[in-house]
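# Chains, contacts and geometry: an overview
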Amino acid sequence: MEKRYRLNNGRAIRLVEGDITRIAADAIANAANSALAGGGGVDGAIHRAGGAEIMRELDEMRPRVGRVPAGQAVATGAGRLPAQYVFHAVGPVYRDGRHGEPEALASCYRVCLEMAEERGCRTVSFPAISTGVYGYPAEEAARIALREVRGFLESRAAGVQEVIFVQFGEAAYRVYERLLGESGLKEAQD
Ligand code: ADP
């Protein structure tokens, strides 16, 4: 399943159901943890598909960067993934939404988009950060992701042309599809 939505300035938001490691993009965002230690979920999938090189790079930077706080990210190469970079973003663990979780989640998307911009990336893909083990309610998280990405794509003059939301499973895909449908963005026919 897949849909593409076009912004007035020609940039696009693409919604795809599937495995983020199989979808080509200049940069792939990962839902990492503060220790950059790898884990289950999308993080595990990215390390498995990308190969040991990604963890080697993280091992090298770990002493320098220490624990990465929620809302921040670090960049590595992408190993065997169909991408140039992986941005390891640390999402917030969801408690009740009143402990800075919305701000930290919004920051994940913004920081990754800035990193993409700095590196000349034209396409960036995102999983639904924090909505797995970290427990963020899917729709609340999707509203934040869409607001940040759309705001970024609408305000910037150059650089990132397309953001791909890769949703794992039909239920997650349908949440984004509904919110994008309500957003007033036009579905692209190409
Ligand atoms: P977090 O710890 O940030 O919650 P998880 O990896 O547990 O991270 O889950 C984040 C989201 O990634 C969940 O919605 C999960 O369904 C999804 N996910 C898991 N594997 C993949 C994958 N291979 N591609 C895309 N999304 C995935």
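Everything below is about the structure shown above.
My aim in this report is to walk through the structure given alongside it, one point at a time. (Residues numbered from 1 in each chain as written. Predicted model: local features only at pLDDT ≥ 70, side-chain atom pairs only at ≥ 80, totals over all residues. Heavy atoms only, no water.)

## Description of the pattern of salt bridges
Enumeration over the complete set of coordinates arrives at 16 salt bridges. With its nearest N and O atoms 2.6 Å apart, the salt bridge here joins arginine 143 to glutamate 139. Here glutamate 139 and arginine 143 lie together in helix H4 (residues 138–155), a separation of 4 residues that amounts to about one turn. A residue is classified by how much of its surface remains accessible, and arginine 143, at 44% relative accessible area, is partly exposed. Exposure remark for glutamate 139: the relative accessible area of 28% places this residue in the partly exposed category. (Salt bridge = Lys/Arg side-chain N within 4 Å of Asp/Glu carboxyl O. Helix = DSSP H or I, 4+ residues; strand = E, 2+ residues; numbered from the N terminus. Buried < 20%, exposed > 50% of the residue type's maximum accessible area, 1.4 Å probe, protein only.)

## Focus on the sheet that holds strand S8 (residues 186–187)
Pairing within the open sheet is mixed, and its 8 strands lie in the order S4-S5-S3-S6-S7-S2-S1-S8. At either margin of the open sheet sits one strand with a lone partner, and together these are strand S4 (73–77) and S8. With 2 bridges joining them, strand S1 (residues 2–6) and S8 adopt antiparallel strand pairing. Bridge pairing in S8 places arginine 6 opposite lysine 186. Against the sheet, helix H1 (residues 41–50) makes contact with strand S3 (27–32) and strand S5 (85–90), and its axis sits at roughly 130° relative to S3, the strand it touches most. (Pairing = 2+ DSSP bridges. Contact = heavy atoms within 4.5 Å. Axes fitted to C-alpha atoms, helices over the stretch in contact; angles between N-to-C directions.)

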